[in-house]
Structures are given as C-alpha cells and as structure tokens.
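The primary structure of each chain is shown beneath.
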Amino acid sequence: MEPFYTRRYARALDARDPLRAYRKLFHIPKAKGKQLIYLCGNSLGLQPKSVSKYINTELNDWKNLGVEGHLRAKNPWYYYHHFFTDSIARLVGAKKDEVVVMNQLTVNLNLLLISFYRPAGRKVKVLMQAHEFPSDYYAVEQQIKFHGLNPNECIVEVQPRPGEFTLRTEDIIRKIDELHEELALVMFSAVNYYTGQLFEIQKISEACCRYGIVLGLDLAHAIGNVPLKLHDWNVDFATWCSYKYLNSGPGGVSGIFVNRYHAKNFDLPRLAGWWGNDEKTRFTMPKHFVPQPGAAGWQLSNAPVLSMAAHRAALDIFDRAGMKAIREKSLRLTGYLRRLIEHLNPQHLQIITPPNPQEHGAQLSIRTLRNGKALFKKITQAGVVADWREPDVIRVAPAPLYNTYEEVWRFAQILCGA
Ligand SMILES: *Cc1c(COP(=O)(O)O)cnc(C)c1O
C-alpha cells in the first residue's frame, strides 16, 4: 500500500468507498469546463439531478389539474407534508408524531420559542453558546423583549476558556448547575456553524432534565451530518433547515421536532393557522382552532409544494444511503483531511474543530494565523469552493455523498502550498 499522503492512496480509498456511486447523482459546479472542488455543502448542498424530475411532476399536475391537484395529484398536495415523516423522523431520531416539515428555520425557531420559552418568577434566563449564529441570537433576544424582560440580563453565554476556541462539556454542565434556579431554557445549536463543534447533547440534556429546564436545539448544521436521537435524549424541541447538508435547495423548507411529552399539552401558548387544525375538520372551516396533537399542531400554512418537491428528491438519497454509512464515510473523509493537513504541517494554519469524533461532523474550521484572506483567494482561484468567516477562519465541509478522497487530497495540497 502507498503511504497515506500520496494521491494514489486517496484514489485507492475512493475505489473502496461504498458510497462512491452517489456522486453521480449530483450536479457538480464547474468553472472553465472543470469540476470545482465543492467543500461548501455546510452552507448550500449541491443539487441532486433528480430534483428537476420531482418538481416537474408537481408542475405537470398543477398544469393539468389546477385546484384538483390538492387531492388528485400523483402526490396529493393536501397531504404533502406527510411524505417526509418517515425520513425526517429517522434523521433526527424521533417518533413520527414528533416531527413535521414546514416554514423556514428562523420562523420555526420563533414559533417554538413562543411555546417553550416561558419565563416565570426567577426562572427567566436563557443559556446559549458563545458565537451562536446571529439569527438564533436575534430570535432569543426579541422573544425576551416580548416578555418585557431585558436580554442583557437574561441571556447567558457559555464562553470558551482563555486560549481555547471550543466549549468543554463540563463547562456547559457547570453553568447549568450553577444557574439552574434562574434558567428557563437552554437554547443550543447542536453543531456550531463557526467552529464545527458537535456538542454532547445527551449530557447537556441530562443536566437540563435534572432541573426541569427546557432544552431547545437548532440542527441547521447537524441534520444530515451527524446521528441524532432527539427522542431518546429527551430534547424538548428542535428545528433545522434543509438546504445545508440535506441538499434541498436555496431557502428550502425547514421542519420541527416537538417531544411527545408535549404532544397533547394544548395549554401551551402557540400561534395558530388552519394547517395546524385537525385535518378531518379543516375544510369544514370550523370557527375555533382545534390543534392537532404532536408537532403537526404547530403548522400554520399549507405546504409549499414546489420547494418540498426538491426536499423529497434530496431525502430519497438519504433514505437509500442511510445515515450510518454517511456518517462512517464522513468521519473517514474529514479525518483524512485532518491527517493530511497535520502531515503537511503548515505553520500558518490551526484547525480549531475538535479532533474527537464525538465532537465534530463533516466540517473543519481552519484558523489562519497570517494573510488569511490572501490564502482564501488563492484556494478559490485554484478551483476550491470553501467559505471565509471573519476574522480569520476558512470553513470546509467534505460531503460524504458527493466529495471524494482525491478531492480532499488535492485541497490539502492547495491549502498547504505543497
Ligand atoms: C444556516 C443557519 C440559520 C439560517 O436561518 P434561516 O432561517 O434558514 O435563514 C440559522 N441558524 C443557524 C444556526 C444556521 O446555521
């Protein structure tokens, strides 16, 4: 066998890759007639070739059936959100009544905060991670103001230790222990968008359960990337987007998880719309809202079928490949990239994503110690699609469904100037 740092070794890994056939299912962007090395699936996943067929099915039914398509389309639009239940429940580790596909991520986050951030007495605070994605922070800040409270006093952020970039689970748990009498909610992204750190959700949830603190998760960078067991972990609620690792297209439809524990708690305040109403009486147009039990009762509007058609095409690929095989390749592929970079040992770069497989997904966040912007420009000109995050980080996320070991090998050479 060749040494691991050779191109031939990378090619041999590709030849033995059980998922190698999946790359052909995607459109790979090109520049000057050459395929780019696309490492930006954590931001916008690539388009499955089957998407146009799935969308065309709906366009044809709309063309030929008009309004009748709600019940007579090949995939009746009235029930369109049901078609996702099995796949999504598998991806997030939920019972079927705990998930529904709807809206966009930040919209859903706000809907869920209305129901699950219930400050009372001394319990008014929200624990978040340092450097949380801005949209999540804005949503929490604003919800706190709706309750007439001061976000500066109510949001507590867990910070990395001096000189460190990621959080230690023990520090998160310690904060929960310390503040439990004041915490109403722990609101965490399961994978941090900036560092790529995957948090130990089960341990965080155990701490929350000890004190009856609600745990909400944002799975934007987790769904389709890492294995999830929301039900078994006793997470209260979660939401995600489908356009990152799930490859469902720009602005693609989001979804929510609500733990069965809350399924029939109709006393929770919530915003309402006809799609959350009992499906059987929906078209009898009852005057008063009767929420469906479970996550479905949080729906407001009818299903955006065209974007959902893209989502179906993308999820069919996940169903076929299976999250187990996807995660196995992901750990190997991203692990290979880390090993190559460490071997080339560039003095101006530092990987800040945790090395422990329990604490990362596909992404590596590479901190540049000098001339980072120039380096980013160089890799872009060499045909790599990655992204730059201020002040000094290049994010790359090899996607196990369409990236190859050879691409990762080439990227490492370009990055390290070998
Ligand atoms: C991508 C991402 C979002 C995006 O929110 P949208 O409502 O889909 O625009 C929000 N939060 C996190 C953590 C993200 O990674």
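What to know about the overall build of the chain
Item 1. Scanning the chain for helices and strands turns up 13 helices and 15 strands.
Item 2. Expressed along its principal axes, the backbone C-alpha trace of the chain runs to roughly 70 × 60 × 35 Å.
Item 3. A buried classification covers 57% of the 418 residues belonging to the chain.
Item 4. Counting contacts in the chain only where the partners sit at least 6 residues apart, residues at least 24 apart contribute 69% of the total.
Item 5. Accessible surface, the chain as shown: approximately 18,700 Å² in total, 53% of it carbon and sulfur.
Item 6. Across the chain, 53 positive and 39 negative side-chain charges occur, with their mean positions spaced 8 Å apart.

Here's the deal with helix α10 (residues 305-321)
Item 1. For α10, which comprises 17 residues, the first-to-last C-alpha distance of 24 Å matches the rise-based estimate of 24 Å (1.5 Å per residue) to within 8%.
Item 2. Listed in full, the buried residues belonging to α10 are Val305, Met308, Ala309, Ala310, His311, Ala313, Ala314, Leu315, Ile317, Phe318 and Ala321.
Item 3. Tucked into the core, α10 has its buried residues touching α2 (51-65), α4 (85-92), β4 (99-101) and α11 (323-344).
Item 4. Gly322 occupies a position one or two residues after α10 and carries a positive phi of about 85°.

Considering the layout of surface pockets
Item 1. Taken as a whole, the largest pocket encloses approximately 330 Å³ of empty space.
Item 2. The wall of the largest pocket is formed by 13 residues, among which Leu198, Phe199, Pro227, Trp233 and Gln358 lie closest to the centre.
Item 3. Of all the elements in the fold, those that place two or more residues in the lining of the largest pocket are α9 (201-211) and α11.
Item 4. Examining the composition of the lining of the largest pocket, we find that 3 residues originate from one element, α9, more than from any other.
Item 5. Residues of the lining of the largest pocket, tallied by class, amount to 7 nonpolar, 2 polar and 4 charged.
Item 6. Both of domain 1 (7-35 + 322-416) and domain 2 (55-319) provide at least three residues apiece to the lining of the largest pocket.

Here we look at the packing of helix α12 (residues 372-381) against helix α13 (residues 405-416)
Item 1. Close contact between α12 and α13 brings their axes to 9 Å; oriented N to C, the two are set at 140°. It follows that α12 is oblique to α13 by the angle criterion. For the pair α12 and α13, the crossing hand works out as right-handed. For the pair formed by α12 and α13, the contact residues are Leu375, Lys378 and Ile379 on the first element and Phe411, Ile414 and Leu415 on the second.
Item 2. Residues of the contact of α12 with α13, tallied by class, amount to 5 nonpolar, no polar and 1 charged.

A word on the domain arrangement of the chain
Item 1. Assigned domains within the chain: domain 1 (7-35 + 322-416) and domain 2 (55-319).
Item 2. Distance from the C-alpha centre of domain 1 to the C-alpha centre of domain 2: 29 Å.
Item 3. For domain 1, the biggest contributors to the area lost against domain 2 are Met323, Ile352 and Glu359; these three give 26% of the whole.
Item 4. Run the count over domain 1 and domain 2 and you get 9 residue pairs in polar contact (both at pLDDT 80 or more).
Item 5. Those elements that provide at least two residues to the side of domain 1 that touches domain 2 are α11, β12 (364-368) and β15 (393-396).
Item 6. In terms of residues, the side of domain 1 that touches domain 2 owes the most to one element, α11, which gives 4 residues.
Item 7. Per-class residue counts for the side of domain 1 that touches domain 2 are 13 nonpolar, 9 polar and 7 charged.

Reading guide: rules and limits
Residues numbered from 1 in each chain as written. Predicted model: local features only at pLDDT ≥ 70, side-chain atom pairs only at ≥ 80, totals over all residues. Heavy atoms only, no water. Helix = DSSP H or I, 4+ residues; strand = E, 2+ residues; numbered from the N terminus. Buried < 20%, exposed > 50% of the residue type's maximum accessible area, 1.4 Å probe, protein only. Contact = heavy atoms within 4.5 Å. Areas by Shrake-Rupley, 256 points an atom, 1.4 Å probe, with all protein chains shown as cover. Lys, Arg positive; Asp, Glu negative; His and termini not counted. Charge placed at Lys NZ, Arg CZ, Asp CG, Glu CD. Expected span 1.5 Å × (residues − 1). 1 Å grid on protein atoms, 1.4 Å probe; cavity = no way out; pocket = protein on both sides within 12 Å on 5 of 7 lines; lining within 4 Å. Points joined across faces, edges and corners; volume = space filled by probe spheres on them. Nonpolar A, V, L, I, M, F, W, Y, C, P; charged D, E, K, R; others polar. Domains from an automatic or database assignment. Axes fitted to C-alpha atoms, helices over the stretch in contact; angles between N-to-C directions. Parallel < 35°, antiparallel > 145°, perpendicular 65-115°, else oblique. Left-handed = near helix turned anticlockwise from the far one by under 90°. Buried area = accessible area lost by both parts, 1.4 Å probe. Polar contact = N/O pair within 3.5 Å; in protein donor to acceptor, adjacent residues only side chain to side chain.

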